[in-house]
Amino acid sequence: MRKHSTKLSLSEIANSDLRAAFILELFGLSFSDNGPMSLEQASEEAGIPIEYVRNTLSRYLDKDFNPEDTLTAILSNIVTVHHSFTWKVLPEIERLFEGIAPGTDLEKARDLFIKMAANIRNHSRDEEQRFFPRLRELEATGIETLSVEELEEELVSMEDDHANCLGALKRLQILTGGYVIQDNDPPDYKLLMRLLRLLEFDLKVHIHKENNLLHRKLKNLLEVK
Ligand SMILES: [Fe+2]
Ligand SMILES: [Fe+2]
């Protein structure tokens, strides 16, 4: 398992793996013109808690993932890498939104976020407590235990939720001006924009894994049945 020491410089991390360079970019940590700076120092100067950067590097780069894996392994990757992050970051973003002054443009973004977060929580809870255990059982006991119509309906409903979430993310990006921050913005505002950008990225990868990998595998099973 690869460890990203906080003492490593941004350029050393970017050199180690191109994916790491993209993650630094996601946090606005400029490895091209601040290459010799350590991750610790750069995060501190940018006002980003170091654990967010380190955990993101670790989540995306250290968790083994193979598109050919079993359903159970894919489900485990989705829950470990994405659901756990979502459960942790939603309350943190809600807390940061609480400090928003009334009457500002960001109030609309906050209202939209609160609705989106409620939908994400309901959807994720349903996946973890009902849908995913059913899929594990399906893999363990065989396709003949499956009601095709019911599963087809499930997939349509889940993918509708995903499409709604992607639509909300698009609106959120517009309402926040693309998560752009200025040097003189307050630290909490900067962190809020960075966490929203990170959440958007993570939800897109999360939904990609469910729609294009997990659900596609299930649709293939239905076709051969
Ligand atoms: Fe999910
Ligand atoms: Fe989902």
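Note that the structure is predicted; figures quoted are calculated from it, not measured.

## Points about the overall build of the chain
The number of helices and strands found in the chain is 8 helices and 0 strands. Counted from the first residue to the last, the chain has its helices and strands arranged as α-α-α-α-α-α-α-α. Each of the 225 residues in the chain was classed as buried or not, and the buried ones make up 21%. Sequence-distant contacts in the chain: of pairs separated by 6 or more residues, those separated by 24 or more amount to 73%.

## Things to note about helix H3 (residues 39-46)
Taken as a whole, H3 has its buried residues at Leu39, Ala42 and Ser43. The buried residues of H3 all sit within an arc of 100° when viewed along its axis, so they share a single face. Where the residues of H3 are buried, they touch helix H1 (10-16) and helix H4 (50-62).

## Remarks on unusual backbone geometry
Positive phi outside glycine occurs at Tyr179, with the angle close to 60°. One can find Tyr179 in the loop between helix H7 (148-175) and helix H8 (187-224). The class for Tyr179 is partly exposed, based on 17 C-beta atoms found within 10 Å.

## Comments concerning the nonpolar core
With 24 residues, the main nonpolar core has Leu10 and Leu24 as its most contacted residues. Taken together, the elements giving at least two residues each to this core come down to H1, helix H2 (18-26), H3, H4 and H8. Per element, the largest residue contribution to this core is 8 residues, and it comes from H8. Counting contributing residues, this core receives three or more from each of domain 1 (10-61) and domain 2 (67-224). Apart from residues lying up to four places away in sequence, Leu24 is in contact with Leu10, Ile13, Ala14, Leu29 and Phe31.

## Quick look at the packing of H2 against H4
The contact between H2 and H4 brings their axes to 10 Å, and the two run at 145°. The way H2 lies across H4 gives a crossing that is right-handed. Contact residues: Arg19, Ala20 and Ile23 in H2; Thr56, Leu57, Tyr60 and Leu61 in H4. In the contact of H2 with H4, the residues fall into 5 nonpolar, 1 polar and 1 charged.

## Looking at the packing of helix H6 (residues 105-141) against H7
Look at H6 against H7: their axes get within 10 Å of each other, and the N-to-C directions meet at 160°. Classed by the angle they form, the pair H6 and H7 counts as roughly antiparallel. Every pair of crossing elements has a handedness; the one defined by H6 and H7 is left-handed. Note on element contacts: H7 touches H6 through Glu154, Asp161, Asn164, Cys165, Ala168, Arg171, Leu172 and Leu175, opposite Asp105, Lys108, Ala109, Leu112, Phe113, Met116, Asn119, Ile120, His123 and Phe131. Split into classes, the residues belonging to the contact of H6 with H7 amount to 10 nonpolar, 3 polar and 5 charged.

## With respect to the domain arrangement of the chain
The figure often quoted for interface size is the accessible area lost as the parts come together. Splitting the chain by domain gives domain 1 (10-61) and domain 2 (67-224). On a C-alpha basis, the centroid separation for the pair domain 1 and domain 2 is 24 Å. In this assembly, 7 residues from domain 1 lie in contact with 9 residues from domain 2. A breakdown of the residues in the side of domain 1 that touches domain 2 according to their chemical character gives 3 nonpolar, 3 polar and 1 charged.

## Here we look at the environment of Arg171
Assignment of secondary structure puts Arg171 in helix H7. Taking the C-alpha atoms as reference points, Arg171 and Phe113, 58 residues apart in sequence, are found 9.8 Å from one another.

## Quick look at H4
The end-to-end C-alpha distance of H4 is 17 Å, a good match for the 18 Å that 13 residues give at a rise of 1.5 Å each. Looking only at H4, the buried set comprises Val53, Thr56 and Leu57. Seen end-on, H4 carries its buried residues on one side only, within an arc spanning 100°. Residues of H4 that are exposed and point more than 90 degrees away from the buried face comprise Glu51 and Asp62.

Here is what the cut-offs are and how they apply
Residues numbered from 1 in each chain as written. Chains lettered and ligands numbered in written order. Predicted model: local features only at pLDDT ≥ 70, side-chain atom pairs only at ≥ 80, totals over all residues. Helix = DSSP H or I, 4+ residues; strand = E, 2+ residues; numbered from the N terminus. Buried ≥ 20, exposed ≤ 12 C-beta atoms within 10 Å, placed from the backbone. Contact = placed C-beta atoms within 7 Å. Arc of directions from axis to C-beta. Core = buried A, V, L, I, M, F, W, Y, C linked by C-beta atoms within 7 Å. Domains from an automatic or database assignment. Axes fitted to C-alpha atoms, helices over the stretch in contact; angles between N-to-C directions. Left-handed = near helix turned anticlockwise from the far one by under 90°. Nonpolar A, V, L, I, M, F, W, Y, C, P; charged D, E, K, R; others polar. Parallel < 35°, antiparallel > 145°, perpendicular 65-115°, else oblique. Expected span 1.5 Å × (residues − 1).

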